[in-house]
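# Residue-level structure breakdown
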Amino acid sequence: LAGAVVVGLCEASANTDRARLAVAALAAGFAGWVGVGVTHGRHFAAGPGRAGFVAALCLATTATAWAAAPVVGRRLPCGALRAALVAASLALVFETANVLVLPRLYPVFHGGLSVLAALLSPVIGRGVRSIFAAEGGALASRPRPHFPLAMALGAIVVSTQAAPSSQKLALADNLRVIFLDRAPLLAFGVELGQLLAPPPPLEPPPVDVEERGTARHALDWRERDVLLVSVDALRADHVGAYGYTRATTPHIDALAREGTLFLRAYCPTPHTSYSITSMMTGKNMRPLLAQGLGLDSDTFAGLLRTYGYRTAAFYPPAVFFIDEDLFAPFRDKKLDFEYARVEFADPAERAGAVRSYLETQPQDRKVFVWVHLFDPHEPYVAHPEHPFGDRDIDRYDSEIAAADEGIGAVVAAMRARRPNTVVIVTADHGEEFGEHRGRYHGTTVYEEQVRVPLVIVGPGVPARGRVETPAQTIDVLPTVLGALDVPLPPRIRGHDLGAWLSASRPPDGDNSRDTERHKALPPPAFAETDEYTLLADAEWRLVCARRASACSLYNLDLDPGEAHDASAANMERFAAMKALLRRLEASHGHYERTRGGAFGGKPWPEAIRRGLAGDGDAAKDVAGLLDDSDVLFRRKAAEVLFDLKRKEVAPDLRLALSRDDDDIVRRWCALALTRLGEGAPRSIELLDDPDVAWRRLAALALAENGDARGSEVLVSWWQTATLPYPRAREVLSAFAQIRPKEAASILSLSLGDVRLRPYVAETLAAIGQSSSRGPLAERLAAERYQTARVALAEALLRLGAKNELVG
């Protein structure tokens, strides 16, 4: 409809300036929307001034539309077929760019391309019509459209069908996921549809206490030494034992021949800090830390020390790089290892350090040694002794080969002095090379990012064993404890794989044994990021996009690349797995110690636990707790809604703001409403609050909506505090909105943070201070990470750098 209106206005503009002015006005509005959007995007920022950039873009687009409209309008009727061919070609270019250029980034950029493609559809249709007209068909006569009537009819159709269509769309998870990931314009419709007809939440059943099976004595590793080796960013399908054709891992392959290989093992979160800490505690740490729980967890080293083991760890400082402050107790206590060598070192150096440590240990004391090898992590470096090529993926394989050589040396060092050592090799996460249009890790829960190798060699473990059912790296700790006959702490969420390992080949004719084995098998594997969750059960993978509140189902046996959603053909399984996933998410924190003290000893309700884990679908349930009789629940619910930022709970927040008698609840509600763009005067008052924490949150909420009254507070917050990574990203986004000049020099000092570096660069470009060019250029000259290099270079270009980019 919009395309038909634009085409009609172009034709009319050949005869009247009013139509020509209308085309120019529409073009200006479109350019303004795109300009504002791209200057606020991930890798784009305004040049010397955001307003100046947007204004220049609007003026250029308006002038072009003013000049072109009558020319296009005169040529369309007489060259409809040729125009249709040109329009079809342009539409194909726009949509191809949508799929291939900067995927998942810059929504407005992609939306603009989709709008342009859609506007071309009437031109294409007119060309088709001209073919029928040339043949004397019934379409030869074409009445002139009545545009006001057409727009009125279109408005009626949209207003009457929007809600019913949204309700139907809410039930089509696979379609919404496709729209969100592949069709930017339709993705906006998905998000609008969620406001009109939110997808019905699945009511999880009460959390059951899990049956942990009877696998305690399936393995006997008592009096055995234990070596655990983890490799950073090692995806399973780049290991020879998992079918990789390159000779990247001869030492891991040899261990797999000695012991049992878990074909489908998963990390809990594709970030090192969360994954390693989860493995060392036997529980999913990301959702626990989000609830403020889990910091008092028992650890692998602490438990084994209690039972007489000497413990040693060899790992790089980068283990706690992501959200470092959240892991401060684990970092400061070095995960309870009595000996810890925390340094960056190549694999050969690690092996030497392990050898030196073992030489100092008495033979009558058992040891637990953990080694974490960092090499395959980006940036990838080619090792001359392992030449595979010059692409990123070739250098990655070269790094894997170097790490594998180190594994061989570490295992040899252990076995030389401790020949009866149990050996476990795994990884903290995988790595993506464009399989789902992304790079690196930490962004999705598809196989390439969360599936990791897991090889176990020890007494009772069959040689060349293969286990296909999904397992998790949080199962390593309970498995070792069970084999050592150490009581399993009740808060551990992983499962003892002992019976599974001992029966890694199907039993022959022993049905009772088979039944007992299956009783002990772990539940489906779970993994998550901020945006995605995974449930892995047998060959099925349920991947849910939190932002879209929608899930896809994949069958790995038929679709190993997870490219084809199988939910429509397997609705019963799809619904069951969604319910199980929701139940599992709701259980996080259920086994943790209660809050105690001022909290009265009561655990958080299930809705709050889901909200703290980032489940946007929990927003309405959390909002229901704003009426709870427990003021602590009401406060926490309002705080969670502040972070979830879901429009559908705005009425609940307004009601609580107006009637709750607790001032803390009203503060959170006011700030949450302000973040949603529904300004509350109380937020402005909080800028003068005696408590600096409230001043900071108020400044953030206001700045996110373009109000710079709290800019000094935000700048001071950045300068004087270490912000958690998610909050730091939010503050940077707020800076990009209000562009405080005084923040430029302070942010330049933050370019040393490799995680935040791309976003700091974008923010500096948005602020537009030319003095930022020097620090950006200095950092670019030494930058090794591709994503950061791109962001730094683009920021310099936006700031008008020239000489700084030479050489």
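So, here's what we can say about the structure. (Residues numbered from 1 in each chain as written. Predicted model: local features only at pLDDT ≥ 70, side-chain atom pairs only at ≥ 80, totals over all residues. Heavy atoms only, no water.)

## What about the overall build of the protein?
- On a plain count of helices and strands, the protein comes out with 34 helices and 17 strands.
- Looking at the protein as a whole, 54% of its 807 residues qualify as buried.
- Excluding contacts between residues fewer than 6 apart, the proportion of contacts in the protein whose partners are at least 24 apart in sequence is 70%. (Helix = DSSP H or I, 4+ residues; strand = E, 2+ residues; numbered from the N terminus. Buried < 20%, exposed > 50% of the residue type's maximum accessible area, 1.4 Å probe, protein only. Contact = heavy atoms within 4.5 Å.)

## Let's talk about the packing of aromatic side chains
- On inspection of all chains with the given rule, the structure shows 21 aromatic pairs.
- Arranged with centres 5.5 Å apart and planes meeting at 70°, the rings of Y380 and Y396 form a pair that is edge-to-face. Taken together, the positions of Y380 in the loop between β6 (367-373) and α16 (392-417) and Y396 in helix α16 put the pair 16 residues apart, joining distant regions of the chain. Exposure class is identical for Y380 and Y396. Each is buried.
- An aromatic cluster is defined as three or more aromatic residues linked by ring pairs; in this entry it consists of Y274, F300, Y315, F320, F327, F337, F368 and W370.
- Between R675 and the ring centre of F642, over which it is positioned, the NZ or CZ distance is 4.4 Å.
- One cation-aromatic arrangement involves R729 over Y759; the distance from NZ or CZ to the ring centre is 3.7 Å. (Phe/Tyr/Trp six-rings, centres within 6.5 Å; stacked < 30°, edge-to-face > 60°. Lys NZ or Arg CZ within 6 Å of the ring centre and 35° of its normal.)

## Digging into the sheet that holds strand β13 (residues 471-472)
- Reading across from one edge, β10-β3-β13 is the order of the three strands in this open sheet, with mixed pairing throughout. Of all strands in the sheet, those with a lone pairing partner are β10 (451-452) and β13, marking the two edges.
- Two strands pair when backbone bridges link them, and strand β3 (residues 265-266) and β10 are joined in this way by two bridges, in the antiparallel orientation. From the neighbouring strand, Y266 faces β10, where its bridge partner is R451. (Pairing = 2+ DSSP bridges.)

## Regarding the state of the cysteines
- A complete count under the given rule lists one disulfide for this structure.
- What pairs with C544 in a disulfide is C551, and their sulfur atoms sit 2.0 Å apart. Taking the torsion about the sulfur-sulfur bond, which here is approximately 105°, the covalent link between C544 and C551 counts as right-handed. (Disulfide = S-S within 2.5 Å.)

## Details of the environment of G482
- Looking at the element boundaries, G482 is found in helix α18 (residues 476-483).
- Its relative accessible area of 3% is what places G482 among the buried residues.

## Description of the nonpolar core
- Counting residues in each nonpolar core, the largest one holds 102 residues, and the members touching the most others are F262, V369 and W370.
- If you tally residues by element for this core, the top one is α16, at seven residues.
- Dropping the residues within four chain positions of it, W370 is found in contact with L228, S230, I276, M280, A312, A313, F314, Y315, V319, L335 and F337.
- A607, I608, L700 and L776 belong to the second-largest nonpolar core, a separate cluster that totals 71 residues. (Core = buried A, V, L, I, M, F, W, Y, C linked by side-chain atoms within 4.5 Å.)

## Digging into the side chain of Q449
- Within the secondary structure layout, Q449 lies in helix α17 (residues 447-450).
- A distance of 2.8 Å separates a polar side-chain atom of Q449 from the backbone nitrogen of G442.
- Leaving out residues up to four positions away in the same chain, Q449 has contacts with C267, P270, H429, G430, E431, E432, Y440, H441, G442, T443 and T444. (Polar contact = N/O pair within 3.5 Å; in protein donor to acceptor, adjacent residues only side chain to side chain.)

## Quick word on the pattern of salt bridges
- Taken as a whole, this structure holds 44 salt bridges when the rule is applied.
- The partner of D617 in a salt bridge is R646, and the shortest N-O contact between them spans 3.9 Å. Here D617 is found in the loop between α22 (606-612) and α23 (619-624), whereas its partner R646 is found in the loop between α24 (631-644) and α25 (650-659), with 29 residues between them in sequence. Taken individually, D617 and R646 each receive the classification buried, so the pair is uniform in this respect.
- Here the residues in one salt-bridge network are D663, R666, R667, R682, E685 and D689, joined through shared partners. (Salt bridge = Lys/Arg side-chain N within 4 Å of Asp/Glu carboxyl O.)

## Focus: the packing of α25 against helix α26 (residues 663-675)
- In the contact formed by α25 and α26, the axes pass within 9 Å of each other and the chain directions differ by 145°. Like other packed secondary-structure pairs, α25 and α26 cross with a definite hand, here left-handed. Two secondary-structure elements touch here, α25 through A650, L653, R654, A656 and L657 and α26 through R666, C669, A670, A672 and L673.
- Along the lines of polarity and charge, the residues of the contact of α25 with α26 split into eight nonpolar, no polar and two charged. (Axes fitted to C-alpha atoms, helices over the stretch in contact; angles between N-to-C directions. Left-handed = near helix turned anticlockwise from the far one by under 90°. Nonpolar A, V, L, I, M, F, W, Y, C, P; charged D, E, K, R; others polar.)

## Points about unusual backbone geometry
- Cis peptide bonds are those with omega within 30 degrees of zero, and the linkage from E378 to P379 qualifies with 5°.
- Mapped onto the fold, P379 is located in the loop between β6 and α16.
- Phi is positive for A233, close to 60°, though the residue is something other than glycine.
- Take A233: it is sitting in the loop between β1 (226-231) and α10 (250-258).
- In this structure A233 comes out as buried when scored by relative accessible area, which is 0%.
- Although it is not a glycine, A538 adopts a positive phi angle of roughly 55°.
- For A538, the location among the structural elements is in the loop between β15 (532-537) and β16 (540-545).

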